[in-house]
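What follows is each chain in one-letter form.
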Amino acid sequence: SMALARLRQRRPTVVAWGCALVLAGCASGPDFERPAAPSAANYTPATVTDRTASAPVPLGAAQRLDPGAEIEEQWWRSLGSPRLDALVERAQRNSPTLASARATLAQARELHAARAGSSLYPQVEGGLSAQRQRASPTTFGSSAGAQEFGVYNASIAVSYQLDLAGGNRRALEALAARADYRRYELDAAKLALSGNVAVTAIAQARLADQIAYTRDIVTAQEEQFHLAGQRVRLGHAAPNEALAVQAQLEKTRADLHLLRKEHQHKQHLLATLVGAEPGEGGLPQFTLDDFALPAVLPILLPSELVRRRPDIRGAEALLKAANAEYGVAVAALYPQVTLSANAGSQALTAAALFGSGSAVWGLVAQLTQPLFKPGLAAEKRAALAAFDAAAANYQSVVLDSLRGVADVLRSVEQDAQALQSQATSAAAAHASLRLAQQRHVLGAASYLEVLDAFREAQQSSMLLAAAQARRLQDTVSLYVALGGAPAEELQRPSSQGPRSRARQL
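Residues numbered from 1 in each chain as written. Predicted model: local features only at pLDDT ≥ 70, side-chain atom pairs only at ≥ 80, totals over all residues. Heavy atoms only, no water.

Some details on the overall build of the protein chain
Move 1: Helices and strands together make up the secondary structure of the protein chain, namely 11 helices and six strands.
Move 2: Looking at the protein chain as a whole, 39% of its 505 residues qualify as buried.
Move 3: At a minimum sequence separation of 6, the contacts of the protein chain that also span at least 24 residues come to 82%.
Move 4: For the protein chain, the exposed area adds up to about 28000 Å²; of that, 56% sits on carbon and sulfur atoms. (Helix = DSSP H or I, 4+ residues; strand = E, 2+ residues; numbered from the N terminus. Buried < 20%, exposed > 50% of the residue type's maximum accessible area, 1.4 Å probe, protein only. Contact = heavy atoms within 4.5 Å. Areas by Shrake-Rupley, 256 points an atom, 1.4 Å probe, with all protein chains shown as cover.)

Right, dumping it as structure tokens:
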């Protein structure tokens with residue numbers, strides 16, 4: 001039939017377009033495959049206890065590590081301090097660090113949208129021009145005078161590049177992965193900010209308690225120095241006794257100034273973390289009594305950790321971007337096909353621009369194939385090296401994260417035992433103080449002995465405050481090391497199908 005004849009005549013064109021469509025369905029380079037999760041079930045060679053030691057003091061209760069415990073989105077509320085809750089929320093609102101991360105994320109998303117708009121869809125442009133020309137008569141071999149005329153154009157041009165090798169799709173995949181990286185960077189910044197605010201508030205509370213204990217020690221040593229001076233004047237003691245007491249007093253005063261300096265520095269840091277100027281004031285002053293120790297701590301398997309921590313997810317996004325950028329470099333080695341068309345009107349007068357006979361149009365199909373471009377092969381090798389670097393970076397981030405969790409778990413265990421021992425030491429020091437006071441009432445001990453026992457008891461209380469603060473900070477460090485609350489994609493079921501297997505590079 002005539003239809004079959006026409007089809008046979010057009011067979012080469014049909015085959016060519018069929019091949020183009022098949023190629024357009026492919027993407028150069030290997031498909032990305034998520035790295036395998038760690039196979040180890042533990043973070044440390046020796047098993048970590050699932051219940052810590054306890055001590056009969058505030059912030060000394062035992063904590064249980066529960067693999068089934070959920071991490072709340074606002075995990076800092078487990079510390080039981082409403083003022084800390086308000087401070088963290090203020091930091092989340094006002095932090096310039098988070099504002100910068102949000103703006104960077106918006107930039108990455110808009111770059112992806114810009115590339116999608118320029119590569120996924122045909123590009124349409126409209127044009128309108130008018131020009132006046134003067135032609136020399138000798139140009140056309142005429143003896144007439146110079147000719148002047150106008151040329152008017154109105155046109156619409158459409159162009160589209162066929163993504164035969166999938167280079168545009170790989171470029172979009174890379175930009176989307178980098179936008180994901182910026183999102184994970186924002187999540188990591190939020191997590192770090194919350195942890196820093198909590199740790200700084202706890203450090204401020206520890207310093208406040210230690211300053212109070214040190215002031216009491218200074219008062220006791222001042223009284224001891226006064227009594228030593230009286231004993232020297234009465235001839236009951238040598239002058240070196242008073243000098244020794246004075247040396248201890250001045251050392252304690254120096255320690256008090258250092259504690260005050262550190263406390264003020266923490267106050268300044270807390271202000272900047274919440275986006276306020278250090279001189280603004282109005283921030284809460286914390287003591288250890290403002291906090292509570294959560295009885296249950298969450299724990300994750302290493303295989304779950306790599307799907308949770310934002311820094312690991314960010315390194316994975318960079319790996320995905322490097323894989324896609326390698327595909328872009330591979331696509332540059334293949335033919336590029338561009339289709340373009342234009343339609344419009346051209347006339348010598350503006351009135352005739354849209355009249356009959358002024359229509360013009362054109363169709364162009366352009367095929368380009370690199371023949372001798374040694375630089376393209378070098379770009380491919382460079383992209384492959386960048387992928388190897390991203391893979392090594394991912395492995396490094398995972399190992400550092402596993403080490404961080406291992407360190408925190410050991411800290412939770414050992415610091416609880418240290419607090420237990422320090423609580424026993426503090427109890428013994430205060431018992432010794434009570435005995436010294438009783439012996440002084442009975443005349444069996446001097447008042448100087450009572451002051452010495454009081455100083456020892458206060459110093460023991462300072463060490464106890466430091467041990468209590470460490471347990472609170474260990475709790476914060478564990479939440480941060482585990483990545484905080486689950487990522488959004490972990491909170492909702494995935495709608496994606498089975499993941500495609502990667503081809504070997």
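Let's talk about the packing of helix H3 (residues 82-94) against helix H5 (residues 167-233)
Move 1: Put simply, H3 and H5 touch, their axes get as near as 10 Å, and they point 145° apart. The two elements H3 and H5 meet at a crossing, and its hand is right-handed. Touching Leu84, Leu87, Val88, Ala91 and Gln92 of H3 are Lys190, Leu193, Ser194, Val197, Ala198 and Ala201, all from H5.
Move 2: Considered class by class, the residues forming the contact of H3 with H5 number eight nonpolar, two polar and one charged. (Axes fitted to C-alpha atoms, helices over the stretch in contact; angles between N-to-C directions. Left-handed = near helix turned anticlockwise from the far one by under 90°. Nonpolar A, V, L, I, M, F, W, Y, C, P; charged D, E, K, R; others polar.)

Here's the deal with the confidence of the model for the protein chain
When pLDDT is low, close inspection of the predicted coordinates is not appropriate.
Move 1: Averaged over every residue, the pLDDT of the protein chain is 86; residues scoring 70 or more account for 89%.
Move 2: When mean pLDDT is compared element by element in the protein chain, H3 scores highest at 96, while helix H1 (residues 2-9) scores lowest at 36.
Move 3: Throughout residues 1-25 the model reports pLDDT below 50, and contacts reaching past four residues in sequence, or to other chains, amount to 11 contacts.
Move 4: This model gives residues 490-505 a pLDDT under 50, and the stretch forms 19 contacts once residues within four places in sequence are excluded. (pLDDT = per-residue confidence, 0-100.)

Remarks on the pattern of salt bridges
Move 1: This model, assessed by the stated rule, comprises 23 salt bridges.
Move 2: Salt-bridge contacts for Arg309 lead to Asp311; the nearest nitrogen and oxygen are separated by 2.6 Å.
Move 3: Look at Arg309 and you get buried, because its relative accessible area is 13%.
Move 4: Arg455 is paired through a salt bridge with Asp452; the nearest N and O atoms lie 3.7 Å apart. Placement of both Arg455 and Asp452 in helix H10 (residues 447-481) is noted, with a separation of three residues, approximately one turn of the helix.
Move 5: In this structure Arg455 comes out as buried when scored by relative accessible area, which is 13%.
Move 6: It is possible to trace a salt-bridge network through shared partners that takes in Asp31, Arg170 and Glu173. (Salt bridge = Lys/Arg side-chain N within 4 Å of Asp/Glu carboxyl O.)

A closer look at the pairing of strand S6 (residues 359-368)
Move 1: Counting buried residues along S6, only one of its 10 residues qualify, which leaves the element largely exposed.
Move 2: The pairing of strand S5 (residues 336-347) with S6 spans 10 bridges and is classified as antiparallel. Looking across to S6, one finds that Ser340 is bridged to Val364. (Pairing = 2+ DSSP bridges.)

Focus: the sheet that holds strand S3 (residues 147-162)
The strands making up a sheet are joined through hydrogen bonds of the backbone, oriented either antiparallel or parallel.
Move 1: Read from one edge of the open sheet, four strands run S2-S3-S5-S6, paired in antiparallel fashion. Taken across any chain shown, the strands that pair with only one partner, and hence form the sheet edges, are strand S2 (123-135) and S6. Across the sheet, the mean angle separating the axes of adjacent strands is 20° when strand polarity is ignored.
Move 2: Across 11 bridges, the pairing between S3 and S5 is antiparallel. Its bridge partner lying in S5, Val158 is registered against Ala341.

Remarks on the pairing of S2
Move 1: The buried fraction of S2 amounts to one of the 13 residues, a small share that puts the element mostly on the outside.
Move 2: Bridge analysis of S2 against S3 gives 13 bridges, and the strand direction is antiparallel. When the sheet's bridge partners are listed, Gly126 is paired in S3 with Ile156.

So, the nonpolar core
Move 1: Tyr43, Leu79, Leu84, Val197, Phe286, Phe291 and Leu472 are the most contacted members of the largest nonpolar core, which has 57 residues in total.
Move 2: Elements with a minimum of two residues in this core: H3, helix H4 (96-119), H5, helix H6 (239-273), helix H8 (310-331), helix H9 (374-441) and H10.
Move 3: Setting aside residues no more than four positions away along its own chain, Leu84 makes contact with Trp76, Leu79, Val197, Ala198, Ala201, Phe286 and Phe291.
Move 4: In this structure, Leu207, Val218, Leu249 and Leu259 belong to the second largest nonpolar core, which totals eight residues. (Core = buried A, V, L, I, M, F, W, Y, C linked by side-chain atoms within 4.5 Å.)

Section: unusual backbone geometry
Move 1: Phi is positive for Leu59, close to 65°, though the residue is something other than glycine.
Move 2: Within the secondary structure layout, Leu59 lies in the loop between helix H2 (11-24) and strand S1 (64-66).
Move 3: Relative accessible area serves as the criterion here: at 10%, Leu59 is assigned to the buried category.

Remarks on the packing of aromatic side chains
Move 1: Per the counting criterion, the structure on display carries three aromatic pairs.
Move 2: Seen in terms of ring centroids, Trp75 and Tyr479 are 5.4 Å apart; in terms of plane orientation they differ by 20°. Their pairing is stacked. Of this pair, Trp75 sits in the loop between S1 and H3 while Tyr479 sits in helix H10, placing them 404 residues apart in sequence.
Move 3: Among the aromatic side chains, those forming a connected cluster through ring pairs are Trp75, Trp76 and Tyr479.
Move 4: The ring of Phe286 carries the charged tip of Arg83 above its face, separated from the ring centre by 5.3 Å.
Move 5: Taking NZ or CZ as reference, Arg183 lies 4.7 Å from the ring centre of Tyr184, over its face. (Phe/Tyr/Trp six-rings, centres within 6.5 Å; stacked < 30°, edge-to-face > 60°. Lys NZ or Arg CZ within 6 Å of the ring centre and 35° of its normal.)

Quick look at the packing of H5 against H8
Move 1: Two elements in contact, H5 and H8, have axes separated by 8 Å at closest approach and are oriented at 165°. As judged from the angle between their axes, H5 and H8 are roughly antiparallel. Helix-helix and strand crossings are classified by hand; for H5 and H8 the assignment is left-handed.
Move 2: Here the contact of H5 with H8 is composed, by residue class, of 14 nonpolar, four polar and eight charged. (Parallel < 35°, antiparallel > 145°, perpendicular 65-115°, else oblique.)

Observations concerning H4
Move 1: The end-to-end C-alpha separation of H4 is 35 Å, in line with the 34 Å expected for 24 residues at 1.5 Å each.
Move 2: Residues Leu98, Ala101, Leu105, Ala108, Ala116 and Ser119 constitute the buried set of H4.
Move 3: Buried positions along H4 lie against H3, S3 and H5. (Expected span 1.5 Å × (residues − 1).)

Some points on H10
Move 1: In this model H10 runs 51 Å from its N-terminal to its C-terminal C-alpha over 35 residues, within 8% of the 51 Å that 1.5 Å per residue would give.
Move 2: Across the 35 residues that make up H10, a large majority, 25, are buried.
Move 3: Of the residues one or two after H10, Gly483 is the one with positive phi, at around 95°.

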